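An overview of the molecular structure
As a plain string of letters, each chain reads:
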Amino acid sequence: MITLEESIDVTRPPAETFRYVSDFRTTAEWDATAFRARKDTPGPIREGTEYLVDCSLPVGSVRIRYRVTALRPGEFIELVGNSRLFTVTDRITFTPRDDGGTHIDYVADFAYKGPLASLEGALREGMERMGRKALEGMRHALEDRPPPPVISSCNERADRMVLPGLALFSRLGYRRGRKRWEPLSADLSGRHAVITGASSGIGRAAALRLAELGASLTLVMRDAGKAEATVAALRAESGNEAIRAELADLALMADVDALVTRLKTSGEPIDILVNNAGALFNPRQETAEGLEASFALLLLSPYRLTRALLPLLEAGGGARVINVVSGGMYSRPLEVRKLVAREENYSGSVAYARCKRALMVTTEQWADAWAERGIVVNAMHPGWADTPGVESSLPGFHRLTRRILRSPEEGADTVVWLAAAPEAGEVSGLLFLDREPRTTHLLARTAAQETAEEREALREFLAAQEAAFPADVAKSAAAR
Ligand SMILES: NC(=O)c1ccc[n+]([C@@H]2O[C@H](COP(=O)([O-])OP(=O)(O)OC[C@H]3O[C@@H](n4cnc5c(N)ncnc54)[C@H](OP(=O)(O)O)[C@@H]3O)[C@@H](O)[C@H]2O)c1
C-alpha cells in the first residue's frame, strides 16, 4: 500500500472548497494525470455517487471508477476508486481556518494489483510527486485568478481564413478549446440568475450547471407543463431547491411586460440574465400582437426585457447579461431596414441571422452604456449544438452534421463560464465562443456595412419600437 498525504490552505471558505472538490468531475481541472472525468450516476452528490475518471499515468492509461463512500457536506468526503491497475481510497477533510479560509487534508491509499503490487517501492517517489502536483493544481483552481480572456493566435488565424473558423463551430472547437481552459471553481451561492428558454437545449443545460454551482434560478418558459417538469428535474439532478419558473411567451411584449412586473414586484436583484430563448420561424409568422415573429422573439423581446430589468440588474452590483446569438449572424450584415422581415422572399434563416447580428451590436452598445452602472454585457454563440431546436428547425442540417454537433452541455459551456468565471466579469461588449472572445465578422463585406451610422440607426430604431409599442399597446394587442 502506498499512502500519499498532502495539505493545502486556501482563502475560500469550506462550503465553497467542498462544493468544488467533492464534484470529482473537477479532477480534470486540477489533477494533471486526469484528462477526462464525468459523473456516472444521476442526482446530486451523495453517498453512492459514481464518477469515471480517465487518467494518463506512467504505468499506462487507466479509467478509475470512483464511488463516494462517505460524505459530510462542507467537512469530509471519502471516495473509493477502482481501476484495472489499483484501488485507491481518497479521504479529503475540509477544516475551517480562523481567517475564514479552508485547510484541506488529502490522504490517498493506493493498493496496486497483480505484478505492480511488488513494484510499490519503486513507484512510491513518482506517486508522491504526482500527489504534490495534484494538490498544487487544486490550490491553483481554488485560489488563482486567471487574467481576462483573450483570443488565442490559432483561433484568430482560423477566423481570418473563414472555413477553419467555421469548423470550430463543431465539437472539434469545444474539444480543442477546453485544453487551454483555466479551472472554473466559482461558487454562485447567493447569486440569482434569470434564464430565458430554459425548457430545452442550451438554456436547460446552462440552468443545470448554474444550479450545481449554487445559484438560485428563475427560469422563464412559455409552457406550464414543461416548466413544472423542468423545475422538478433540475431540482432533483442538482439538489438545489432554489429553482422556480416564470411563465411568459417572450414573443409577446405583453408577456414580457407582465414578467418584468412580476420580477420587479418580487424585488430580488438579478446577478445574471441569460437571454437565450430563440426559434427559427419557417414559414413567416406574426404574433398575436402583429409583430413579425423572428424580430419579436430574437430582438425586441431581449431588448425590452433587459432594459426594463435594469433596476434589478443594477441592484445586484456587478450583474452580467449574456445574450445568446448565433454563428448564423456571420452571414448577414447589420441592415436595420430589413430587421422586420417582409413576406416577399422570406427566409427564416435570413431573418434569424439578421436579428442575431442586431443583438450582437446591441450587446456592444449596452456594454458601453452600462459600464458605469457596473453591468457587464457579453454575447456568446454556442457553435453547432444538437438541440431539439436545431433538429426541428433545420432537419437537413441536423441530419448532415449530427456526428460533429456539440452536446447541449458543450454548447452551453460558455454561457456558464460567462455567468460564473471571475475573469469573465472583467470584459464587456465581446462575442465569445468556447470561452474565448472571437471576431464579430468573418467576412469583410459584413464588417464594411456595419458603419457608425447604421449602428446608430439600430439604436434609434429599437428605441422607437419601444416607444411605439408601450406597455398598454402590448396588453391590448395581446388581448386581441
Ligand atoms: N443549437 C445551436 O446549435 C444554436 C446555434 C446558434 C444559436 N443558438 C441559439 O441558442 C438559443 C437556444 O437554442 P437551442 O438550440 O437550445 O434551441 P431549443 O432547444 O429549441 O431551445 C429554445 C428555448 O427557447 C424557448 N422558446 C422558444 N420560443 C419561445 C417563446 N416565444 N417564448 C418563450 N420561450 C421560447 C423554447 O421553449 P419551448 O421548449 O417551449 O419551445 C426553448 O426553451 C437560441 O437563442 C438559439 O438561437 C443555438
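Small disclaimer: the values here were computed from a predicted structure and weren't measured. Every chain's residues receive numbers from 1 upward, in the order its sequence appears when written. Since the coordinates come from a predicted model, pLDDT governs what is reported: local features require at least 70, and pairs of side-chain atoms require 80 or more to be given and counted, while whole-chain, interface and lining totals use all residues. For the side-chain quantities, the full set of heavy atoms in the structure was used; hydrogens and water were omitted.

**Some details on the domain arrangement of the protein chain**
Per the domain assignment, the segments making up the protein chain are domain 1 (2-143) and domain 2 (153-479). The domain boundaries here were taken from an automatic or database domain assignment. Centre-to-centre, using C-alpha coordinates, domain 1 lies 36 Å away from domain 2. The contact criterion used throughout is that any non-hydrogen atoms of two residues lie within 4.5 Å. Contact with domain 1, which involves 15 residues of that partner, is made by 15 residues of domain 2. Interface area, domain 1 with domain 2, both sides summed: about 1,100 Å², of which 40% is carbon and sulfur. Three residues stand out in domain 1 for area buried against domain 2, namely R19, E29 and P44, and they jointly supply 39% of the buried area on that side. Criterion for a salt bridge: a side-chain nitrogen of Lys or Arg within 4 Å of a carboxyl oxygen of Asp or Glu. In this structure, the connection of domain 1 to domain 2 is made through four salt bridges. A salt bridge links D187 to R19; its shortest N-O distance comes to 2.8 Å. Polar contact criterion, stated in full: a pair of N or O atoms within 3.5 Å, where within protein one must be able to donate a hydrogen and the other to accept it, and residues adjacent in sequence count only if both atoms are side-chain atoms. On inspection of domain 1 and its partner domain 2, the count reaches 10 residue pairs in polar contact (both at pLDDT 80 or more). The numbering of helices and of strands both runs from the N terminus, where a helix is a DSSP run of H or I of at least 4 residues and a strand a run of E of at least 2. The set of elements that each furnish at least two residues to the side of domain 1 that touches domain 2 consists of α1 (14-22) and α3 (120-143). Among the elements that line the side of domain 1 that touches domain 2, the one with the most residues is α1, at four residues. Side-chain classes are defined by residue name, with Ala, Val, Leu, Ile, Met, Phe, Trp, Tyr, Cys and Pro counting as nonpolar, Asp, Glu, Lys and Arg as charged, and the others, Gly among them, as polar. By residue class, the composition of the side of domain 1 that touches domain 2 is six nonpolar, two polar and seven charged. Buried area is a sum: the accessible area each of two parts loses on coming together, probed at 1.4 Å, counted once for each and added.

**Remarks on the environment of A308**
If you trace the backbone, A308 turns up in helix α10 (residues 293-308). On the basis of relative accessibility, which here comes to 23%, the residue A308 falls in the partly exposed class. Dropping the residues within four chain positions of it, A308 is found in contact with V260 and K264. Summary of the burial criterion: residues with accessible area below 20% of their type's maximum are buried, those above 50% are exposed, and those between are partly exposed, where the area comes from a 1.4 Å probe applied to protein chains only.

**As for the site of the ligand**
Being near a molecule or strand, for a residue, comes down to having at least one heavy atom within 4 Å of it. For the ligand, the set of nearby residues contains 29 residues, the closest of which are S199, S200, N276, Y352 and T387. Contacts to the ligand include I202, whose backbone N or O atom sits 2.8 Å from an oxygen atom. Interatomic distance of 2.6 Å between a side-chain N/O atom of T387 and an oxygen atom of the ligand. Its free accessible area being 880 Å², the ligand has 92% of it covered by the protein chains. The element that contributes the greatest number of residues to the shell around the ligand is helix α13 (residues 388-393), accounting for three residues. Accessible areas in this description were obtained via Shrake-Rupley with a 1.4 Å probe; residue shielding takes into account the shown protein chains only.

**Some words on empty space enclosed by the protein**
Both cavities and pockets are sets of points on a 1 Å grid over the protein atoms alone; in a cavity a 1.4 Å probe fits but cannot get out, in a pocket the set is open with protein on both sides within 12 Å along at least five of seven lines, and lining residues sit with an atom within 4 Å of a point. Grid points are joined across faces, edges and corners, and a volume is the space filled by probe spheres set on the points. Following the criterion strictly, the structure yields two cavities of 30 Å³ or more and no others. If you add up the space inside the largest cavity, you get close to 90 Å³. If you list the elements that add at least two residues to the lining of the largest cavity, you get α10 and α12 (348-369). Residues of the lining of the largest cavity, tallied by class, amount to eight nonpolar, four polar and one charged. Quantified by volume, the second largest cavity comes out at close to 40 Å³. Taken together, N155, L168, G173, R176, G177, R180, D434 and R438 form the lining of the second largest cavity. Counting residues per element, the lining of the second largest cavity draws most heavily on helix α6 (residues 171-178), at three residues.

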